[in-house]
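Coordinates in review
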Amino acid sequence: MGPFYILQVNNLSDGMEKMGFAFSIMILFRSASSYVTGRVSDRCGRKVFLFLAAYIQAIVIFLYTVITTTSHLFILQALMGVTDGSLTTIKTCLLGDITRKEKRGTVVGGFDAVVSLSSAIGLALGGYIVKFYGLKSVFYITSVVIVLSTAVLFFIKEDAEAAVPPEKTS
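Quick summary incoming for the structure in this document.

Reading the values: the criteria
Residues numbered from 1 in each chain as written. Predicted model: local features only at pLDDT ≥ 70, side-chain atom pairs only at ≥ 80, totals over all residues. Heavy atoms only, no water. Helix = DSSP H or I, 4+ residues; strand = E, 2+ residues; numbered from the N terminus. Buried < 20%, exposed > 50% of the residue type's maximum accessible area, 1.4 Å probe, protein only. Contact = heavy atoms within 4.5 Å. Salt bridge = Lys/Arg side-chain N within 4 Å of Asp/Glu carboxyl O. Axes fitted to C-alpha atoms, helices over the stretch in contact; angles between N-to-C directions. Parallel < 35°, antiparallel > 145°, perpendicular 65-115°, else oblique. Left-handed = near helix turned anticlockwise from the far one by under 90°.

**Section: the overall build of the chain**
Check the secondary structure of the chain and you find seven helices and zero strands. Starting at the N terminus and ending at the C terminus, the chain contains elements arranged as α-α-α-α-α-α-α. Referenced to the eigenvectors of the C-alpha coordinate spread, the extents of the chain come out at roughly 55 × 35 × 25 Å. Counting across all 170 residues of the chain, residues that qualify as buried make up 34%. For the chain, long-range pairs separated by at least 24 residues make up 77% of all intrachain contacts whose partners lie at least 6 apart in sequence.

See the structure below:
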C-alpha cells in the first residue's frame, strides 16, 4: 500500500507542509506506542494486542477513503502511528517468544523475507488495481487483507508463562 498511501495522504493534506506535519504526527505516535505496547504486552500477552491493533488499523485504513478534512487526516495519522508502532513491536516480540534461540535469526529473517516478498507482489498488483478501480480500492482491499491475516493467530500458541514476568521476591 506504501506509495498509494502516500498519494492519498498527499491528496488529503492540502499542501506539502501539512503532509510533512501529517507524517511527523504518525511517527511521533508510533514512537510512543512502541514502548507502551511492548511494556504492557510483557504482562498481558502478545496475541490480544495483535488482534486489537490489526482490527483498528483495518478500520483506520478504510477511513482514509471517507475523510475530507486535514484535521481528520491528522487524527487518522495519529491512530495509524499507534497501530503501526504496536504491530511492529508486538509481532517482533511474539516471533521471538515462539522461536528457539538457536534458530531465531533464521526464523526472523525468513519471516521478514516473506513479508517483503508479499509486499512487493501486493504493490505490483496494487498499481493495476489503482489503474482499473481507482486509488480508494487499494484501501478497501488492504483493510480486508489485514483482517484476514489475523486468522493465522488462531494457530499460534502463546506461552502464558513467557508473557508474564516472574514475581520479584525481594
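Let us keep going from here.
**A closer look at the side chain of Ser-143**
Tracing the sequence through the fold places Ser-143 in helix H6 (residues 135-149). Not counting residues within four places of it along the chain, the set of residues in contact with Ser-143 comprises Ala-58, Ile-61 and Phe-62.

**Thoughts on the pattern of salt bridges**
A complete count under the given rule lists five salt bridges for this structure. Between Arg-100 and Glu-102 there is a salt bridge whose closest N-O contact spans 3.3 Å. What makes Arg-100 exposed here is its relative accessible area of 53%. According to the relative accessible area criterion, Glu-102 is exposed, its value standing at 63%. Through salt bridges with shared partners, a single ionic network connects Asp-42, Arg-46 and Asp-97.

**Observations concerning the packing of helix H1 (residues 2-13) against helix H2 (residues 16-44)**
Their axes nearest at 8 Å, the elements H1 and H2 cross at an angle of 125 degrees. Put simply, H1 runs oblique to H2. The element H1 and its partner H2 pack so that their crossing is right-handed. Together, Tyr-5, Ile-6, Val-9, Asn-10 and Ser-13 of H1 and Met-16, Lys-18, Met-19, Ala-22, Phe-23 and Met-26 of H2 make up the contact between the two elements.

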